[in-house]
Amino acid sequence: MNIEEQIKRLREELHEHNYNYYVLDAPVISDFDFDMKLKELQGLEEAHPEFIDASSPTMRVGGTVTKNFNTLVHEQRMYSLDNSYSKEELLEWEQRLKRNLGDAPIHFTCELKYDGASISLSYENGSLVRALTRGDGFQGDEVTANIKTIRSVPLQLRGDYPAVFDIRGEIIIPLEGFKKMNEERINNGEDPYMNPRNTASGSLKLQDSAQVAERPLDCLLYALVGRDLPAETHFELLKKARTWGFKIPMEAKLCQSMEEVISFLEHWDVHRHELPYETDGVVVKVNNLQQQEELGYTAKSPRWAIAYKFKTEQAISVLEKITYQVGRTGAITPVANLQPVLLAGTTVKRASLHNADQIKKLDIREGDTVFVEKGGEIIPKIVGVDLAKRFATSVPTVYISHCPECGTALQREDGEAQHFCPNTVGCPPQITGRIQHFISRKAMDIDGLGAETVELLFKEGLIENYADLYTLAKEQIIPLERMADKSAENLVQGIADSVRIPFERVLFALGIRFVGETVAKILAKAYKNIDALMAASSEDLMQVNEVGQRIAESVVSFFREEKNRQIIGQLKQFGVQFSLTEEQLQNQTELLKGYTLVVSGVFENIERTELKKLIEDNGGKVSSSISSKTSYLVAGNNMGPSKRAKAESLGVPIISEADFMKLIQKT
Ligand code: AMP
Ligand code: ZN
């Protein structure tokens, strides 16, 4: 077989496996084998650039940077949908249909309304050639490179598809992936995203497609557009499109009557929380395409379809007071303190107000009667104000201009929603927050020292920054409240022991904004010691894989600060690790770059911690919990049954110690 054929065959195979995994959710080979094949293909394509193909499975990893997205005209307009909120409105709609269509029976397809960002995909001869956002419905932005990174979007169709057509759908972030993503952000000192929909829609416009590839995006499709579509009903088209490789949720149902439609609504009104993604309603469509054509469109929407919106679970409460929290990074979060109210099974006392714009937009004031909702977000939010109940004496909320903790004038950077207290060195919650981060388990892991003790030590004037921890003597600590002799000793010992913590964790512990665990590891590996890192310019830093402008600027500005340089100097003197060890410098490869592994159980020839280190030394990521992003579960003896079950249900391949050694080419 010549190289070209070999490449072609690998691509076909990988497309097929990708489809089995991401669309059918039924993989037939292990991820291990899949990755091996993908690597093989990548290697061949690199060696033979003459065979590069825009539909190759290797395109999924991204890497294209788009500075300006082209605006292109939709060949057929993307319409909006009329909304309805009650069964009565649906029955009225049916009456209108009957007036237009006469006595012919009308069947409906019911689909869930996916809550994301609309997209139109164009296929020619089975290849994805273009992806446009909805824009204003007449023209949208071309985001093809970004869309190609989404695993459930087929790059190459299968079976008997029309030569040219468009397919429309919604780019969403499933709830599980959204939760994970936010946990990571909070860990890195970043603000969590507000909701899956806005995040999905923002992702489409990221300039670097490699960043898009990192996000847990999914694409659910719901409509075909084209000249010669091979069916007479919408439902048949959906079924056909599934066979071509598109992800079309199986919840879609053909209903013979409005009664069936209504029972579909009633069912999903109750069961929608069991879905892996957010939905805010049901879309009811006249099934017959001929009938659709007869009904046509109004100025804004098709007459043959209507959205039915679910009522969101809402509670009414009184906003007693707006308070402001100052985070470790100085970010200010306004919080609504509410009269306790029951909502979706829990008592709610506080709701997030997000930021100043949100308060202004909804004109939220203290004393107001407000509507509270729980969506995909973690904390409930205020969605509106009952103006009829507002007191005549009420005054608009004036957002604070100064830090509630230290009195410094707040700042707000261009393009950022959040206000910040810039007094990083003198603002108490920022100081203690930084020290608390420094000692935390994933950072310096200092035994015997808790968050409250940090506050106490700070209040007593014993510490002002994390370097001061290393000056603490037992005699200074014993007089503190509730501090026994033994605990004081443990504390001092714990601090002393922390000088053994490796460089990459020290780097994470410093609390540089946007430098989370992963970025810290990457930087430690790239620069090997703190002096090299401190000398790096923004441009240098941006050469490092996965480091963008935002991270680079944050690193540079952290080290530019005289106070930080001083603290680092002190830490060095106390013996804290500021470079990779000789041992770390050896044995490093990138064999596992882009892989996330979970380790579980007991191993025959290697310690668990050693195994984890091997993963990282070879460029892989170690994660503690299994998700759909996990590349492999490395299983030893006596692995917990729940881990195995989770891996099996998500189709995460389970490999042995020996398989792993093969993976890093150590047999
Ligand atoms: P709206 O933005 O409220 O006018 O709702 C119309 C939008 O709902 C469309 O532009 C689609 O992007 C979206 N949508 C979500 N799910 C579906 C579905 N199953 N069928 C049609 N449109 C849908
Ligand atoms: Zn402050």
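None of these values were measured; they are calculated from a predicted model.

A.B. asks: So what about the overall build of the protein chain? Which residues, and what values?
C.D. replies: What the protein chain contains, in helices and strands, is 25 helices and 20 strands. A compact globule built from 667 residues would reach a C-alpha radius of gyration of about 26 Å, and the protein chain, at 28 Å, matches this within 12%. With respect to the three principal axes, the spread of C-alpha positions in the protein chain is 95 × 85 × 50 Å. In the protein chain, of all internal contacts separated by at least 6 residues, the share reaching a separation of at least 24 is 67%. In the form shown here, the protein chain has an accessible surface area of approximately 33,100 Å², with 48% of it arising from carbon and sulfur atoms. Across the protein chain, the mean location of the 78 positive side-chain charges is 2 Å away from that of the 96 negative side-chain charges.

A.B. asks: Quick one: what's the story with the coordination of the zinc ion (ligand 2), residue by residue and with numbers?
C.D. replies: Bound to the zinc ion (ligand 2) on the protein side are Cys403 (SG), Cys406 (SG), Cys421 (SG) and Cys427 (SG), at distances that span 2.2 to 2.4 Å. Counting residues between consecutive donors of the zinc ion (ligand 2) along the chain gives the motif C-x2-C-x14-C-x5-C. Linking Cys406 in the loop between strand S16 (381-385) and helix H12 (428-439) with Cys421 in the loop between S16 and H12, this pair joins segments that are 15 residues apart in sequence. Here Cys406 falls in the partly exposed class, since its relative accessible area comes to 25%.

A.B. asks: Explain a negative patch on the surface to me, using residue names and the numbers behind them.
C.D. replies: Judged by side-chain charge, Glu176, Glu183, Glu184, Glu214 and Glu546 come together as a negatively charged surface patch. Top element by residues in the negative patch is helix H5 (residues 175-187). It accounts for 3 residues. Here Glu183 shows up in helix H5. For Glu183, a relative accessible area of 42% corresponds to the partly exposed category.

A.B. asks: Quick one: what's the story with the pairing of strand S19 (residues 632-635), residue by residue and with numbers?
C.D. replies: Across the two faces of S19 the burial is the same, with Tyr632 and Val634 and Leu633 and Ala635 all buried. Two strands pair when backbone bridges link them, and strand S17 (residues 596-600) and S19 are joined in this way by 4 bridges, in the parallel orientation. Directly across from Leu597, in S19, lies its bridge partner Tyr632. Taken together, the 2 bridges between S19 and strand S20 (residues 654-655) define a ladder with parallel strand orientation. Within the sheet, the bridge partner assigned to Leu633 lies in S20 and is Ile654. As for the winding sense of the linkage, the β-α-β connection from S19 through helix H24 (residues 641-650) to S20 is right-handed.

A.B. asks: Could you give an account of the sheet that holds strand S4 (residues 117-124), with specific residues and numbers?
C.D. replies: The antiparallel open sheet is built from 4 strands, whose spatial order is S5-S4-S7-S8. The sheet terminates laterally at strand S5 (127-133) and strand S8 (218-225), the two strands that pair on one side only. On average, each strand axis in the sheet is tilted by 30° relative to the strand beside it, whichever way the strands run. Sheet topology note: the S4/S5 ladder contains 6 bridges and is antiparallel. When the bridges of S5 are listed, Ser120 appears paired with Leu132. Against the sheet, helix H8 (residues 234-244) makes contact with strand S7 (164-172) and S8, and its axis sits at roughly 130° relative to S8, the strand it touches most.

A.B. asks: Quick rundown of the packing of aromatic side chains? Include the residues and the values.
C.D. replies: Enumeration over the complete set of coordinates arrives at 18 aromatic pairs. Ring centres 6.2 Å apart and planes at 85° place the aromatic pair Phe165 and Phe246 in the edge-to-face group. Of this pair, Phe165 sits in strand S7 while Phe246 sits in the loop between H8 and strand S9 (253-255), and the two are 81 residues apart along the sequence. With 5.2 Å between their ring centres and 85° between their planes, Tyr324 and Tyr399 make a pair best called edge-to-face. Placement of the pair is Tyr324 in strand S12 (residues 314-326) and Tyr399 in the loop between S16 and H12, with a sequence separation of 75 residues. The same class applies to Tyr324 and to Tyr399, which are both buried. Grouping aromatic residues by their ring pairs yields a cluster made of Tyr123, Phe165, Trp244 and Phe246.

A.B. asks: I'd like a description of the domain arrangement of the protein chain, backed by residues and values.
C.D. replies: The extent of an interface is frequently quoted as the accessible surface area lost upon association of the parts. Taken domain by domain, the protein chain holds domain 1 (3-61), domain 2 (83-309), domain 3 (314-389), domain 4 (428-500), domain 5 (503-585) and domain 6 (596-666). A C-alpha centroid distance of 52 Å is found between domain 1 and domain 4.

A.B. asks: So what's going on with the nonpolar core? Which residues, and what values?
C.D. replies: If you look at the biggest cluster of nonpolar residues, it comprises 58 residues, and the most contacted ones within it are Phe438, Leu469, Leu507, Leu523, Leu541 and Leu571. The set of elements that each furnish at least two residues to this core consists of H12, helix H13 (451-459), helix H15 (485-497), helix H16 (503-509), helix H17 (517-527), helix H18 (530-535), helix H20 (549-560) and helix H21 (562-573). Split by domain, this core shows at least three residues from each of two domains, domain 4 (428-500) and domain 5 (503-585). Setting aside residues no more than four positions away along its own chain, Leu507 makes contact with Ile512, Ala520, Leu523, Ala524, Ile530 and Leu533.

A.B. asks: Pulling in residues and values, what's your account of the site of ligand 1?
C.D. replies: Ser80, Ser118, Arg134, Glu170 and Lys285 are the nearest of the 13 residues found near ligand 1. Here an oxygen atom of ligand 1 and a side-chain polar atom of Ser80 are 2.9 Å apart. Residue Glu111 places a side-chain N or O atom 3.1 Å away from a nitrogen atom belonging to ligand 1. Protein contacts shield 86% of the accessible area of ligand 1, which totals 500 Å² for the unbound molecule. At the level of elements, strand S3 (108-114) and strand S10 (279-286) are the ones that each hand at least two residues to the shell around ligand 1.

A.B. asks: How would you summarise the side chain of Ser627 if you had to cite specific residues and measurements?
C.D. replies: Structurally, Ser627 is set in the loop between strand S18 (621-622) and S19. By relative accessible area, which is 9% here, Ser627 ends up buried. Sequence-distant contacts of Ser627, defined by excluding residues within four places in its chain, comprise Lys180, Leu650 and Val652.

A.B. asks: Could you give an account of the pattern of salt bridges, naming the residues involved and the relevant values?
C.D. replies: Within this structure, the stated rule accounts for 25 salt bridges. The partner of Lys98 in a salt bridge is Glu94, and the shortest N-O contact between them spans 3.8 Å. On the criterion of helical spacing, the pair formed by Lys98 and Glu94 is a turn pair, its members being 4 residues apart in helix H3 (residues 87-101). Relative accessible area serves as the criterion here: at 40%, Lys98 is assigned to the partly exposed category. Overall, Glu94 belongs to the buried group, its relative accessible area being 12%. In this structure, Lys309 and Asp280 form a salt bridge, with 3.9 Å as the shortest nitrogen-oxygen distance. On the criterion of sequence distance, the pair formed by Lys309 in strand S11 (residues 305-309) and Asp280 in strand S10 is long-range, its members being 29 residues apart. The network of salt bridges with shared partners includes Asp363, Arg365, Asp368 and Arg390.

The rules behind these values
- Throughout, residues of each chain are indexed from 1 in the direction in which the sequence is written.
- Key to labels: chains lettered from A, ligands numbered from 1, both in the order written.
- Only residues with pLDDT of at least 70 get local features here, since the model is predicted, and only at 80 or more are side-chain atom pairs given and counted; chain-wide, interface and lining totals rely on the full set of residues.
- Working from all heavy atoms in the structure, the side-chain values ignore hydrogens and water.
- Secondary structure elements are defined from DSSP: runs of H or I of at least 4 residues count as helices, runs of E of at least 2 residues count as strands, and each element is numbered from the N terminus.
- The atom set for the radius of gyration is the C-alpha atoms, and the globule formula is 2.2 Å times the number of residues raised to the power 0.38.
- Only heavy atoms enter the contact rule, under which two residues are in contact if any of them lie within 4.5 Å.
- To be clear on the numbers: accessible area is Shrake-Rupley with a 1.4 Å probe, and residue cover counts the displayed protein chains and nothing else.
- When charges are counted, neither His nor the chain ends are considered; positive counts come from Lys and Arg and negative counts from Asp and Glu.
- Lys charges are placed at NZ, Arg charges at CZ, Asp charges at CG and Glu charges at CD.
- Atoms are scored as donors when they are N, O or S and lie within 2.8 Å of the metal, with 3.2 Å used for Na, K and Ca; no water is included, so coordination may look incomplete.
- Buried residues are those whose accessible area, probed at 1.4 Å on protein chains only, stays under 20% of the maximum for their type, while exposed residues exceed 50% and partly exposed ones sit between those limits.
- Distance thresholds for patches are 9 Å for like charges and 5 Å for nonpolar side chains (Val, Leu, Ile, Met, Phe, Trp, Tyr), applied to residues having over 30% relative accessible area and no salt bridge.
- In what follows, salt bridge is the name for a side-chain nitrogen of Lys or Arg lying within 4 Å of a carboxyl oxygen of Asp or Glu.
- When DSSP locates at least two bridges between a pair of strands, those strands are taken to pair.
- Handedness of a crossover is defined as follows: with both strands directed away from the viewer, a clockwise route from the first strand across the helix to the second makes it right-handed.
- Orientation is described by axes fitted as lines to C-alpha atoms, over the contacting stretch for helices, and by angles from 0 to 180 degrees between their N-to-C directions.
- Any Phe, Tyr or Trp ring, taking Trp's six-membered ring, that has another such ring centre within 6.5 Å forms a pair; planes under 30 degrees apart are called stacked, those over 60 apart edge-to-face, and the others tilted.
- Domain delimitation in this document rests on an assignment produced automatically or drawn from a domain database.
- In plain words, nonpolar cores are sets of buried Ala, Val, Leu, Ile, Met, Phe, Trp, Tyr and Cys residues tied together by side-chain atoms within 4.5 Å.
- Residues are labelled near a given molecule or strand when at least one of their non-hydrogen atoms is within 4 Å of it.
- Side-chain atoms alone can form a polar contact between residues adjacent in sequence; in general such a contact is a pair of N or O atoms within 3.5 Å, and within protein one must be able to donate a hydrogen while the other accepts it.

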